[in-house]
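Each chain, letter by letter, is given below.
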Amino acid sequence: MPAVPQGFNELYKRNYAAVYRVCYIYMQSVQDAEDCTEDAFLKLINTGMTFNDENHERAWLTVVAANICKDRLKHWWRKKTEDIADHEDIAGESGEMHNDVLEAVIALPTKYKEVVILFYYEGYKTEEISRLVKKPASTVRNLLRDARTKLKAALGGDFDEQ
């Protein structure tokens, strides 16, 4: 296993919350989000990636984390597990972060979820998201528009955007 790079602890502290948030939104479980977050940082150590600046490291980790989550969600074993929400005696005891908006974002299809996370939660502009997800900026804007429509419908909203 490669050695932990110099400055890794600071990089980890700077980016842990953002990477965890991305993983949680995809995985919808504290344990799975923690596993995926750990895998994203392990991938960083194993690849020996170097960054131009803090924005570059955050963007790289965000995309890597999203890809790890998408891969896990596609895995055959995941399809064989039961949803914990089916077990009311267990569900709700874990103290996971829940609110209406977050639940609506979690319920979005993956193609919308990715751009919503990057735009609203991580603060990237559409041109930056375009480079990160390797899609045209117009596609990113259309996905954001469609996601907003779906979120408004899910939240029963006729609220004003700002």
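Residues numbered from 1 in each chain as written. Predicted model: local features only at pLDDT ≥ 70, side-chain atom pairs only at ≥ 80, totals over all residues. Heavy atoms only, no water.

What the protein contains, in helices and strands, is 8 helices and 0 strands. The linear arrangement of helices and strands in the protein, starting from the amino end, is α-α-α-α-α-α-α-α. Put simply, the protein has 162 residues, and 37% of those count as buried. Considering only residue pairs separated by 6 or more positions, the protein has 64% of its internal contacts joining residues 24 or more positions apart. When the accessible surface of the protein is split by element, carbon and sulfur atoms take 49% of a total near 10200 Å². (Helix = DSSP H or I, 4+ residues; strand = E, 2+ residues; numbered from the N terminus. Buried < 20%, exposed > 50% of the residue type's maximum accessible area, 1.4 Å probe, protein only. Contact = heavy atoms within 4.5 Å. Areas by Shrake-Rupley, 256 points an atom, 1.4 Å probe, with all protein chains shown as cover.)

On to the packing of aromatic side chains. Following the criterion strictly, the structure yields 8 aromatic pairs and no others. Three or more aromatic residues link up through ring pairs in this structure, and these residues are Phe8, Tyr12, Tyr16, Tyr20, Tyr24 and Phe41. (Phe/Tyr/Trp six-rings, centres within 6.5 Å; stacked < 30°, edge-to-face > 60°.)

Their axes nearest at 10 Å, the elements helix H5 (residues 100-107) and helix H8 (residues 137-155) cross at an angle of 130°. On the basis of their axis angle, the class for H5 and H8 is oblique. In this structure, the crossing between H5 and H8 has a hand that is right-handed. Residues Asp100, Val101, Ala104 and Val105 of H5 lie in contact with H8, whose contacting residues are Leu151, Ala154 and Leu155. Class assignment of the residues belonging to the contact of H5 with H8 gives a composition of 6 nonpolar, no polar and 1 charged. (Axes fitted to C-alpha atoms, helices over the stretch in contact; angles between N-to-C directions. Parallel < 35°, antiparallel > 145°, perpendicular 65-115°, else oblique. Left-handed = near helix turned anticlockwise from the far one by under 90°. Nonpolar A, V, L, I, M, F, W, Y, C, P; charged D, E, K, R; others polar.)

Once that is clear, we can look at H8. With 19 residues, H8 ought to run about 27 Å at 1.5 Å a step, and its terminal C-alpha atoms sit 27 Å apart, in line with that. Listed as buried for H8 are Ala137, Val140, Leu143, Leu144, Ala147 and Leu151. Across the axial projection of H8, the buried residues extend over an arc of 110°, all falling on one side. Buried residues in H8 make contact with H5, helix H6 (110-121) and helix H7 (126-133). Of the residues one or two after H8, Gly156 is the one with positive phi, at around 65°. (Expected span 1.5 Å × (residues − 1). Arc of directions from axis to C-beta.)

With that out of the way, let us pick up the environment of Met27. With respect to the helices and strands, Met27 occurs in helix H1 (residues 8-27). Exposure remark for Met27: the relative accessible area of 3% places this residue in the buried category. When the C-alpha positions of Met27 and Ala66 are compared, they lie 9.7 Å apart, and in sequence the two are 39 residues distant.

This paragraph deals with the confidence of the model for the protein. Per-residue pLDDT for the protein averages 80, and the proportion of residues at 70 or more is 78%. Here residues 80-98 scores under 50 on pLDDT; set against residues more than four positions off or in separate chains, the count is 14 contacts. (pLDDT = per-residue confidence, 0-100.)

Looking now at the pattern of salt bridges. If you walk through the whole model with that rule in mind, you get 9 salt bridges. Its salt-bridge partner being Arg14, residue Glu57 comes within 2.7 Å of it at the nearest N-O pair. Linking Glu57 in helix H3 (residues 54-74) with Arg14 in helix H1, this pair joins segments that are 43 residues apart in sequence. Overall, the relative accessible area of 5% leaves Glu57 in the buried class. Across the pair Arg21 and Glu122 runs a salt bridge whose closest N-O atoms are separated by 3.4 Å. On the criterion of sequence distance, the pair formed by Arg21 in helix H1 and Glu122 in the loop between H6 and H7 is long-range, its members being 101 residues apart. Assessed through its relative accessible area of 10%, Glu122 is described here as buried. Among the ionic contacts, a cluster of salt bridges with common partners joins Arg14, Glu54 and Glu57. (Salt bridge = Lys/Arg side-chain N within 4 Å of Asp/Glu carboxyl O.)

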